[in-house]
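What the coordinates show
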Amino acid sequence: MANQTSNAPKFNPENPLPYGGTTDIHCNIIQAITREEQDAMLAKVRRAFGKKK
């Protein structure tokens, strides 16, 4: 078996990334999104596509 090339934490199916993120093909976590980052992204999308009053 090949050596692990990333020092990222392993993906845990019991506790997946709750706010999303990216993993490589070996299920190593590349980037985890925090709640604050998710809230900022959602606010940006809502401003762009929200209702115009």
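The coordinates are above.
Residues numbered from 1 in each chain as written. Predicted model: local features only at pLDDT ≥ 70, side-chain atom pairs only at ≥ 80, totals over all residues. Heavy atoms only, no water.

Now for the overall build of the protein chain. Within the protein chain, the secondary structure is distributed over one helix and two strands. Going residue by residue from the N terminus, the α and β elements of the protein chain occur as β-β-α. When burial is assessed residue by residue, the protein chain has 9% of its 53 residues classed as buried. Pairs at least 24 residues apart make up 3% of the contacts formed inside the protein chain by residues separated by at least 6 positions. Roughly 5000 Å² of accessible area belongs to the protein chain as shown, and the carbon and sulfur atoms make up 56% of that amount. (Helix = DSSP H or I, 4+ residues; strand = E, 2+ residues; numbered from the N terminus. Buried < 20%, exposed > 50% of the residue type's maximum accessible area, 1.4 Å probe, protein only. Contact = heavy atoms within 4.5 Å. Areas by Shrake-Rupley, 256 points an atom, 1.4 Å probe, with all protein chains shown as cover.)

Now for unusual backbone geometry. At Cys27, a position not held by glycine, the phi torsion is positive, near 65 degrees. The topology assignment puts Cys27 in the loop between β1 (21-23) and β2 (29-32). Note on Cys27: relative accessible area 40%, which makes it partly exposed.

Another point: the pairing of β2. Here β1 pairs with β2 via three bridges, running antiparallel. Bridge assignment links Thr22 to a residue of β2, and that residue is Gln31. Between β1 and β2, which follow one another and run antiparallel, lie five residues, and Cys27 among them has a positive phi close to 65 degrees. (Pairing = 2+ DSSP bridges.)

Nothing here speaks to function; it is geometry throughout.
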